[in-house]
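# Examining the three-dimensional arrangement
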Amino acid sequence: MIKFRYAPDGIGEGSFKSSYFRDDMGGNEFTVYIKDKSFLNYAEECIQHFNALSESAINDICQKIIAYVKQDCEDFDLPELEKTTDILNYCGFGSLEIGYPKHRISYVIQGEGDWGEYFEVIIKDSIPVYAGAEYSYEDWS
């Protein structure tokens, strides 16, 4: 069970260890954010999902990141990648923001790339649906 600290606005912050994704220093300590205390059990489910992502799901996430970099990061020369997951050598992650329970398993993986931009990967209904810097998380319907 993750222990959360809550801000006056109700937003909770805790930490957990990522089983696959790493930060830019190779660490696996992630910060997790929830909207309010009522999301506690849902957050645990999302973290379990995140830590149990299949190889296929990780490849899908990496493909989204690659597409984003190729389309939106024109100042970054993406080296030739031998495999899709090699993109992870050029970015680091450090936080997870839990989505809304009405979307089943949904969360945002937040990181920064060697291309100099903060970016997010959106998982909605257990499927990676977006990677980029311009998504408005609050617009989820």
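Residues numbered from 1 in each chain as written. Predicted model: local features only at pLDDT ≥ 70, side-chain atom pairs only at ≥ 80, totals over all residues. Heavy atoms only, no water.

### Section: the sheet that holds strand β5 (residues 107-113)
As a reminder of what qualifies: At least two DSSP bridges between two strands are required for those strands to pair. Note on conventions: DSSP H or I runs of at least 4 residues are helices, E runs of at least 2 residues are strands, and numbering of each starts at the N terminus. Contacts are assigned to residue pairs with any non-hydrogen atoms lying within 4.5 Å of each other. For helices, the axis comes from a line fit to the C-alpha atoms of the stretch in contact; other axes are also lines fit to C-alpha atoms, and the angle between any two N-to-C directions lies between 0 and 180 degrees.
An order of β1-β2-β3-β4-β5-β6-β7 is seen for the 7 strands of this open sheet, with the pairing classed as mixed. Each edge of the open sheet carries a strand with a single partner, namely β1 (5-6) and β7 (127-132). As paired elements, strand β4 (residues 91-98) and β5 share 7 bridges and run antiparallel to each other. Note on β5: the bridge partner recorded for Cys 91 is Gly 113. Where helix α2 (residues 55-72) meets the sheet, its contacts fall on β4, β5, β6 (118-124) and β7, and the angle it forms with β7 comes to roughly 25°.

### Considering the pairing of β4
Just so we agree on the cut-off: Each residue gets one of three labels from its accessible area relative to the maximum for its type: buried under 20%, exposed over 50%, partly exposed in between, using a 1.4 Å probe on protein chains only.
Of all the 8 residues making up β4, 7 are buried; the element is thus mostly covered by neighbouring parts of the structure. The pairing of strand β3 (residues 29-34) with β4 spans 3 bridges and is classified as parallel. Bridge pairing in β4 links Thr 31 to Ser 95.

### Some words on the pattern of salt bridges
Cut-off, in case you're wondering: For this analysis, a salt bridge means a side-chain nitrogen from Lys or Arg found within 4 Å of a carboxyl oxygen belonging to Asp or Glu.
All chains considered together, the criterion is met by 5 salt bridges. Note that Lys 17 and Glu 29 form a salt bridge whose closest N and O atoms lie 2.8 Å from each other. Taken together, the positions of Lys 17 in strand β2 (residues 12-17) and Glu 29 in strand β3 put the pair 12 residues apart, joining distant regions of the chain. Accessibility expressed as a relative area gives 53% for Lys 17, which makes it exposed. Close ionic contact of Glu 97 with Lys 35 constitutes a salt bridge, the shortest N to O distance being 2.9 Å.

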